[in-house]
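# Geometric and topological summary
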Amino acid sequence: MFYILLLIYLISLRLLELAIAKSNARFQIDRGAVVVKDRYYPLIVTVHVFFIISLIIESYVSHQFNHSLSFSLFVVFIILQVLRFWVILSLGRYWNTKVIINPNGGRLVKKGLYRYVKHPNYWVVFFELLTIPLLFGAYITAAIFPLAHVLLMTKRIPLENEALRKYTQVK
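Every residue gets a number counted from 1 within its own chain, in the order that chain's sequence is written. Predicted model: local features are reported for residues with pLDDT of at least 70 only, side-chain atom pairs are reported and counted for 80 or more only, and whole-chain, interface and lining totals are derived from all residues. Each side-chain value is worked out from all heavy atoms of the structure, with water and hydrogens disregarded.

## Some details on empty space enclosed by the protein
Grid points spaced at 1 Å and placed over the protein atoms alone form the basis of the search, with a cavity being a set where a 1.4 Å probe fits but cannot get out and a pocket an open set showing protein on both sides within 12 Å along at least five of seven lines. Lining residues have an atom within 4 Å of a point. Grid points are joined across faces, edges and corners, and a volume is the space filled by probe spheres set on the points. Going through the model one piece at a time under the given rule, you end up with one cavity of 30 Å³ or more. The volume enclosed by the largest cavity comes to roughly 40 Å³. For the largest cavity, the full set of lining residues is Arg 14, His 48, Phe 51, Ile 52, Val 125, Glu 128 and Leu 129. In DSSP terms, a helix is any run of H or I states spanning at least four residues, a strand is any run of E spanning at least two, and both are numbered starting from the N terminus. Those elements that place two or more of their residues in the lining of the largest cavity are helix 2 (41-63) and helix 4 (120-136). Residues were grouped as follows: Ala, Val, Leu, Ile, Met, Phe, Trp, Tyr, Cys and Pro as nonpolar; Asp, Glu, Lys and Arg as charged; and all remaining residues, including Gly, as polar. By residue class, the composition of the lining of the largest cavity is four nonpolar, one polar and two charged.

## Describing the pattern of salt bridges
Only one rule defines a salt bridge in this text: a Lys or Arg side-chain nitrogen within 4 Å of an Asp or Glu carboxyl oxygen. With the rule as written, the count across this model stands at six salt bridges. The partner of Asp 38 in a salt bridge is Arg 156, and the shortest N-O contact between them spans 3.4 Å. Placement of Asp 38 in the loop between strand 1 (34-35) and helix 2 and of Arg 156 in helix 5 (residues 139-167) is noted, with a sequence separation of 118 residues between them. Arg 156 carries the same exposure label as Asp 38, and that label is buried. Salt bridges linked by common partners bring Arg 14, Glu 17, Arg 84 and Glu 128 together as one network. Burial here depends on accessible area, computed with a 1.4 Å probe over protein chains only, as a share of the maximum for the residue type. Under 20% is buried, over 50% is exposed, and the range in between is partly exposed.

## Details of helix 1 (residues 2-30)
With 29 residues, helix 1 extends 42 Å between its outermost C-alpha atoms, agreeing within 8% with the 42 Å of an ideal straight helix rising 1.5 Å per residue. For helix 1, the full list of buried residues reads Tyr 3, Leu 6, Leu 7, Leu 10, Leu 13, Arg 14, Glu 17, Ala 21, Asn 24, Ala 25 and Gln 28. Where helix 1 is buried, its residues contact helix 2, helix 3 (71-91), strand 2 (100-101) and helix 4. Phi turns positive, to about 95°, at Gly 32, one or two residues after helix 1. Here, expected helix span is obtained from the residue count minus one, scaled by 1.5 Å. Contacts are residue-level and defined by heavy atoms, with any inter-residue pair within 4.5 Å sufficient.

## Notes on the layout of surface pockets
What the largest pocket holds in volume is close to 1200 Å³. The wall of the largest pocket is formed by 46 residues, among which Asn 96, Asn 121, Tyr 122, Arg 156 and Glu 160 lie closest to the centre. Only helix 1, helix 2, helix 3, strand 2, helix 4 and helix 5 provide two or more residues apiece to the lining of the largest pocket. It is helix 5 that provides the largest number of residues to the lining of the largest pocket, a total of seven residues. Among the residues making up the lining of the largest pocket, the classes are represented as 23 nonpolar, 11 polar and 12 charged.

## Quick word on the side chain of Asn 24
Structurally, the position occupied by Asn 24 is in helix 1. If sequence neighbours within four positions are ignored, Asn 24 has contacts with Gly 92, Arg 93, Trp 95 and Asn 96.

## A look at the environment of Leu 7
Position of Leu 7 among the secondary structure elements: in helix 1. Spatially, the C-alpha atom of Leu 7 lies 12 Å from that of Tyr 60, the residues being 53 residues apart in sequence. Once residues within four sequence positions are removed from consideration, Leu 7 is found in contact with Leu 55, Ile 56, Phe 65 and Phe 136.

## Structural notes on the packing of aromatic side chains
How two aromatic rings sit relative to each other is given by the distance of their centres and the angle of their planes. Pairing of aromatic rings covers Phe, Tyr and Trp, the last through its six-membered ring, and needs centres within 6.5 Å; plane angles under 30 degrees mean stacked, over 60 mean edge-to-face, and all others mean tilted. Applying the stated rule across the entire model yields nine aromatic pairs. Here the aromatic rings of Phe 2 and Phe 74 are separated by 5.4 Å at their centres, their planes lie at 75°, and the arrangement is edge-to-face. With Phe 2 in helix 1 and Phe 74 in helix 3, this residue pair connects regions lying 72 residues apart in the sequence. Cation placement over rings: the criterion is NZ of Lys or CZ of Arg within 6 Å of the ring centroid and within 35° of the ring normal. In this structure, Arg 31 packs its charged tip against the face of Phe 27, placed 3.6 Å from the ring centre.

Set out below in structure tokens:
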């Protein structure tokens, strides 16, 4: 039952994040922001959708969700959730799943985790893509999806950095 509740939480959270991202995009665009074309964005979405599908299938096939819960992995998961919320709250209306930049005086956010780490959201996602499958006993999923994330971020992060340099007061 725990795994089913956790899956419901994960899916609900991702859907809520998409709604927040859409609202934030409208908010930013209404204030002159531009959406930077990211040809890898559909792949990012696909990886996240297939992550959930793979998690469900592998967990069910390997142990029908009757895998014993690792307390230490669950603690790591909780910490990652706190970090995820901290990242979203730190960026506020700037947080999005797309690259959206406001050339009208936009500034780089330097609060929260952003004071200490560049692109903390992507680090949190990487560790989630590793930890969640391990929590579910889905070891193949834990091997594939963090790697896919890293490969996609080798494209996404330079795109974001270039957009920030081009459109904001980042030097």
